Amino acid sequence: QVQLVESGGGLVQAGGSLRLSCAASGRTFSMDAMGWFRQAPGKEREFVAAVSWSGGNTNYADSVKGRFTISRDNVKNTVYLQMNSLKPEDTAVYYCAAAKSYVAAITTSGYAYWGQGTQVTVSS
């Protein structure tokens, strides 16, 4: 099993920045990709970004491209989501997830493990 714990959420003013962290533990051996998703009130959960542990390949949703950066620390088994130029529409609960492969990480169904989420609120 794999455990994922998100942190770093909070309240920030529009135009500001936040960095989310997701610490992975347990049997992470078989997981080669990590992703970030978000869900706003009344909205469906949507893909934000993904990164592979092995190659560092990244993929971003169009809505965050150029503003968000996903990265990983292989030693710490931690993935980050640097969020810059935040907008009120970025307000959501952000979830970390793990997939067996980067290919599987393309779709939501490809993720085997999920964290409990961290709230991000952008004012204005």
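Provided above is the structure to which this section pertains.
Residues numbered from 1 in each chain as written. Predicted model: local features only at pLDDT ≥ 70, side-chain atom pairs only at ≥ 80, totals over all residues. Heavy atoms only, no water.

### A word on the state of the cysteines
- As enumerated under the stated definition, the model contains one disulfide in all.
- Disulfide pairing is shown between Cys22 and Cys96; the S-S distance is 1.9 Å. Residues Cys22 and Cys96 share a disulfide whose torsion about the S-S bond is about -80°; that sign makes it left-handed. Separated by 74 residues along the polypeptide, Cys22 in strand β3 (residues 18–26) and Cys96 in strand β9 (residues 92–99) bring together distant segments of the chain.
- Judged by relative accessible area, Cys22 falls into the buried class, the value being 0%. (Disulfide = S-S within 2.5 Å. Helix = DSSP H or I, 4+ residues; strand = E, 2+ residues; numbered from the N terminus. Buried < 20%, exposed > 50% of the residue type's maximum accessible area, 1.4 Å probe, protein only.)

### Examining the nonpolar core
- Ranked by internal contacts, the top residues of the largest apolar core, which has 37 residues, are Met34, Trp36, Leu81, Met83 and Tyr94.
- When residues no more than four places from it in sequence are discounted, the contact partners of Leu81 are Leu18, Arg19, Leu20, Trp36, Val48, Ala49, Phe68, Thr69, Ile70 and Tyr94. (Core = buried A, V, L, I, M, F, W, Y, C linked by side-chain atoms within 4.5 Å. Contact = heavy atoms within 4.5 Å.)

### A short note on the sheet that holds strand β1 (residues 2–7)
- Read from one edge to the other, the open sheet built from four strands follows the order β1-β3-β8-β7, with strand pairing classed as antiparallel. Two strands bound the open sheet, and with one partner strand each, they are β1 and β7 (68–73). The mean inter-strand angle of the sheet, taken between neighbouring strand axes irrespective of direction, is 15°.
- Direction of pairing for β7 relative to strand β8 (residues 78–83): antiparallel, over a ladder of six bridges. Counted as the bridge partner of Phe68 is Met83 from β8. (Pairing = 2+ DSSP bridges. Axes fitted to C-alpha atoms, helices over the stretch in contact; angles between N-to-C directions.)

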